[in-house]
Amino acid sequence: TACGEMFVSETRGADDGGDDVSGGLVKGGAGEDGSESGKMSKFDKMRAKFGTREIVKSSESSEQVGFSYEEFESGLQKYEKRTALGDHVIGTVVLLDKSGTFVDIGAKSSASLPDSELSICEVLGGAASVLELGDQREFEIISSEDASGMLKLSLRRIEIKLCWERVALLQAEDATVFGTIDSVNRGGAMCKVENLRSFIPGSHMSMAINDELIGTTLPLKFLEVDQEKGRIVLSHRRAAMQSQMNKVEAGQVVLGIARGIKPYGIFIDVNGLMGLLHISQISHDRVEDPAAVVKSGDEVKCMVISADREKGRISLSTKTLEPEPGDMLKDAQKVFDSADEMAARYHKRLEEERKAAAEVADDIVSSLDISALEDLE
């Protein structure tokens with residue numbers, strides 16, 4: 001181009017050290033008529049004096065350098081932590097003040113932990129009474145991302161799941177637990193076991209249900225544990241029965257009350273335990289009708305002849321307490337008055353029989369020819 005020729009001639013003139021460079025340029029740049037339109041502008045003079053930077057296009061300039069925004073975004077997505085509702089994540093407490101509690105879980109932004117989700121128990125001192133800065137805990141995600149990409153977390157739901165696991169284990173072990181009555185209603189009473197709301201049916205209470213029961217701590221046994229339905233059903237009667245069963249031993253004399261009379265025997269309530277006085281255990285003489293011997297509501301002294309702790313059953317006897325055979329049919333009160341004395345005699349007789357059997361066994365062993373037995377081998 002004309003400008004390119006002018007620049008080349010300009011630089012050549014300068015290199016040759018000529019003083020009339022501008023004149024040559026003017027001459028070369030002027031029109032044929034020598035008008036002033038061929039004179040150099042200030043910009044042309046500056047360019048002629050200092051030169052210009054040459055722009056060189058290489059084959060590399062046409063090639064793509066680096067990556068696009070789309071590629072950058074897709075690259076970030078590969079390392080983005082994907083989460084969903086109900087997921088358990090490990091997080092670090094990064095902010096703990098009046099504005100709230102925030103936890104770093106490796107997502108786009110810190111997640112928030114509401115005060116209502118701090119614990120399954122009541123938290124009086126706020127988050128600072130439960131957490132410290134830098135604490136690493138397991139959290140459950142309880143919300144989707146909001147407009148700013150923030151998630152909500154919960155510690156309470158983690159604790160609830162752990163409580164259900166403990167309750168299921170306690171039920172499997174048939175353990176006795178203790179619960180404090182929170183409220184009562186027509187159907188029964190409510191309490192908490194392992195911080196979970198539980199129900200005690202009225203039929204499984206061994207005491208009257210009224211407002212005076214609130215605040216009382218009772219031993220309880222599990223009847224049902226259903227995590228899906230969120231239901232725990234307990235029994236105080238079973239727990240009380242087992243507690244009493246641990247105190248009952250065969251050969252013990254107990255005092256009970258006749259609660260039910262059947263053709264096959266009498267049911268005796270012994271401190272909350274229901275024992276059976278079978279018709280064959282009432283007297284040494286034949287008994288035709290148990291109701292003719294004991295009336296419902298009567299106090300009865302009996303001896304425990306067997307106790308099944310697993311099933312909560314006890315078998316009773318008055319026959320072993322009779323001073324003379326048939327005394328229960330003649331004068332039951334006489335039998336009850338001498339029950340302790342007759343029980344002592346009964347145990348003494350059993351001990352004598354045990355010793356006699358042991359002596360007989362020893363005599364048999366001592367009479368054996370051990371060498372002969374060895375020859376048989």
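A quick note: this is a predicted structure, and the numbers were derived from the prediction, not measured.

Student: Would you take a moment to explain the overall build of the chain for this structure?
Tutor: For the chain, the helix and strand inventory stands at 10 helices and 15 strands. Going through the 377 residues of the chain one by one, you find that 29% of them count as buried. Relative to all contacts within the chain whose residues are 6 or more apart in sequence, the contacts with residues 24 or more apart total 57%.

Student: Any chance you could explain the environment of Leu85 here in plain terms?
Tutor: With respect to the element layout, Leu85 can be found in the loop between α4 (69–79) and β1 (88–97). Judged by its relative accessible area of 56%, Leu85 falls in the exposed class. Expressed as a C-alpha distance, the spacing of Leu85 and Ile142, which sit 57 residues apart in the sequence, is 5.6 Å. Setting aside residues no more than four positions away along its own chain, Leu85 makes contact with Ile141, Ile142, Ser143 and Ser144.

Student: Teacher, can you tell me more about the pairing of strand β11 (residues 253–262) here?
Tutor: Each regular strand shows side chains that alternate between the opposite faces of the sheet. Here β11 pairs with strand β14 (residues 299–308) via 5 bridges, running antiparallel. Each residue of the ladder has a partner; that of Val254, found in β14, is Cys302. Taking the residues between adjacent antiparallel strands as the criterion, β11 and strand β12 (residues 265–270) are bridged by 2 residues.

Student: What should I look at first to understand helix α6 (residues 236–245) in this one?
Tutor: An α-helical segment advances 3.6 residues per turn. Residues three or four places apart therefore align on the same side. All of the buried residues along α6 are His236, Ala239, Gln244 and Met245. Measuring from the side-chain oxygen of the N-cap residue of α6 to the backbone nitrogen of Arg237 gives 3.4 Å; that N-cap residue is Ser235.

Student: Honestly, the pairing of strand β8 (residues 196–201) in this entry has me stumped. Any pointers?
Tutor: Of the strand pairs in this sheet, strand β7 (residues 188–193) and β8 are connected by 6 bridges, and their pairing is antiparallel. Paired with Ala189 across the two strands is Ile200, which belongs to β8. Counted between consecutive antiparallel strands, the loop separating β7 from β8 contains 2 residues, among which Glu194 sits at a positive phi close to 55 degrees.

Student: Sorry if this is basic, but what is going on with the environment of Lys98 here?
Tutor: Tracing the backbone through its elements, the reader meets Lys98 in the loop between β1 and β2 (100–104). Between the alpha carbons of Lys98 and Gly126 there is a distance of 9.1 Å; along the sequence they are 28 residues apart.

Student: Mind showing me how you'd approach the packing of aromatic side chains here?
Tutor: The geometry of an aromatic ring pair comes down to the distance between the two centres and the angle between the two planes. Applying the stated criterion to the full structure yields 1 aromatic pair. Ring centres 6.2 Å apart and planes at 90 degrees place the aromatic pair Tyr264 and Phe267 in the edge-to-face group.

Student: Help me out: how do you make sense of the confidence of the model for the chain in this one?
Tutor: Segments scoring low in pLDDT should not have their predicted coordinates read at a detailed level. Looking at the chain, the pLDDT average stands at 80 and 77% of residues meet or exceed 70. For residues 1–37, every residue scores under 50 in pLDDT, and the model assigns this stretch 21 contacts once sequence neighbours within four places are set aside. Ignoring residues within four places in sequence, the model shows residues 58–62, a span with pLDDT below 50, making 0 contacts including any to other chains.

Student: I would appreciate a short explanation of the pattern of salt bridges in the present structure.
Tutor: Proximity of charged atoms lets side chains of opposite charge pair with each other. Applying the stated criterion across every chain yields a total of 11 salt bridges. Among the ionic pairs, Arg231 bridges to Glu224, the shortest N-O distance being 2.9 Å. Looking at Arg231, the relative accessible area reads 37%, which means it is partly exposed. By relative accessible area, Glu224 is classed as partly exposed at 27%. Overlapping salt bridges bring together Asp174, Lys221 and Arg238 as one network.

Student: Help me understand the sheet that holds strand β13 (residues 273–278) in this model?
Tutor: Working definition: the strands of a sheet are paired by backbone hydrogen bonds and lie parallel or antiparallel to each other. Around the barrel, 5 strands lie side by side as β11-β12-β13-β15-β14; this closed barrel has mixed pairing. The mean angle between the axes of side-by-side strands here comes to 50 degrees, regardless of whether they run parallel or antiparallel. On the sheet, α6 packs against β13, β14 and β15 (313–317) and is oriented at approximately 60 degrees with respect to β13. Of the strands in this sheet, β11 and β14 are in contact with helix α9 (residues 339–367), which crosses β14 at around 30 degrees.

Student: Explanation requested: the sheet that holds β1 in the structure shown.
Tutor: With respect to topology, 5 strands assemble into an open sheet ordered β3-β2-β1-β4-β5, the strand pairing being antiparallel. In this open sheet, the two edge strands, each paired with only one partner strand, are β3 (111–112) and β5 (153–154). The strands touched by helix α5 (residues 156–172) within the sheet are β1, β4 (136–141) and β5, with β4 carrying the most contacts at an inclination of about 90 degrees.

Student: What is the right way to look at α5 in this model?
Tutor: The first and last C-alpha atoms of α5 sit 25 Å apart over 17 residues, in line with the 24 Å expected at 1.5 Å per residue. Residue Asp174 follows α5 closely and has a positive phi angle near 55 degrees.

Student: Which parts of the structure should I look at to understand the side chain of Ser283?
Tutor: Of note, Ser283 is situated in the loop between β13 and β14. Engagement of the side chain of Ser283 in a polar contact is seen with the backbone nitrogen of Asp285, the distance being 3.2 Å. Only 2.7 Å separates the side chain of Ser283 from the side chain of Glu322, close enough to count as a polar contact. Setting aside residues no more than four positions away along its own chain, Ser283 makes contact with Lys319, Glu322, Gly326, Met328 and Leu329.

Student: I would appreciate a short explanation of the layout of surface pockets in the present structure.
Tutor: Picture a little ball the size of a water molecule; that probe, rolled over the atoms, points out where space is still empty. As a volume, the largest pocket reaches approximately 150 Å³. As for the largest pocket, its lining consists of Gln281, His284, Lys319, Thr320, Glu322, Pro323, Met342, Arg345, Tyr346 and Arg349. In terms of residue class, the lining of the largest pocket is made up of 3 nonpolar, 3 polar and 4 charged.

Student: Any chance you could explain the nonpolar core here in plain terms?
Tutor: Nonpolar side chains tend to gather and get buried jointly when the protein is soluble and globular. In terms of nonpolar packing, the biggest core is built from 29 residues, with Ile268, Ile282 and Leu316 touching the most fellow members. Elements represented by at least two residues in this core include exactly β11, β12, β13, β14, β15, α8 (332–337) and α9.

Cut-offs applied
Within each chain, residue numbers correspond to sequence positions counted from 1 in written order. It should be noted that, the model being predicted, local features are given only for residues of pLDDT at least 70 and side-chain atom pairs only at 80 or more, the latter also being counted only at that level, while totals for whole chains, interfaces and linings use all residues. Water and hydrogen atoms were dropped before computing side-chain values, which therefore reflect all heavy atoms in the structure. Secondary structure is summarised from DSSP: a helix means a run of H or I of at least four residues, a strand means a run of E of at least two, and numbering begins at the N terminus for each. Using a 1.4 Å probe on the protein chains alone, a residue whose accessible area is under 20% of its type maximum counts as buried, one over 50% counts as exposed, and one in between counts as partly exposed. Residue contacts are counted whenever heavy atoms from the two residues lie within 4.5 Å of one another. Here the rule is simple: two strands pair whenever DSSP picks up at least two bridges between them. In protein, a polar contact means a hydrogen-donor-capable atom and an acceptor-capable atom, both N or O and within 3.5 Å, with residues adjacent in sequence counting only if both atoms are side-chain atoms; elsewhere, any N or O pair within 3.5 Å suffices. Only rings of Phe, Tyr and Trp enter the pairing, Trp through its six-membered ring, and a pair is recorded when the two centres are within 6.5 Å. The plane angle decides the type: under 30 degrees is stacked, over 60 is edge-to-face, the rest tilted. A residue's pLDDT is simply how confident the predictor is in it, with values from 0 to 100. We count a salt bridge whenever a side-chain nitrogen from Lys or Arg sits within 4 Å of a carboxyl oxygen from Asp or Glu. Interaxial angles span 0 to 180 degrees and are taken between N-to-C directions of axes, which are lines fitted to C-alpha atoms, for helices over the stretch in contact. Take the residue count of a helix, subtract one, and multiply by 1.5 Å to get its expected span. The distinction between a cavity and a pocket rests on a 1 Å grid over the protein atoms alone: a 1.4 Å probe fits inside a cavity but cannot get out, while a pocket stays open yet meets protein on both sides within 12 Å along at least five of seven lines, and a residue with an atom within 4 Å of a point counts as lining. Grid points are joined across faces, edges and corners, and a volume is the space filled by probe spheres set on the points. In this count, Pro and Cys sit with the nonpolar residues alongside Ala, Val, Leu, Ile, Met, Phe, Trp and Tyr, while Asp, Glu, Lys and Arg are called charged and the others, Gly among them, polar. Nonpolar cores are built from buried Ala, Val, Leu, Ile, Met, Phe, Trp, Tyr and Cys residues. Side-chain atoms within 4.5 Å join them into one set.

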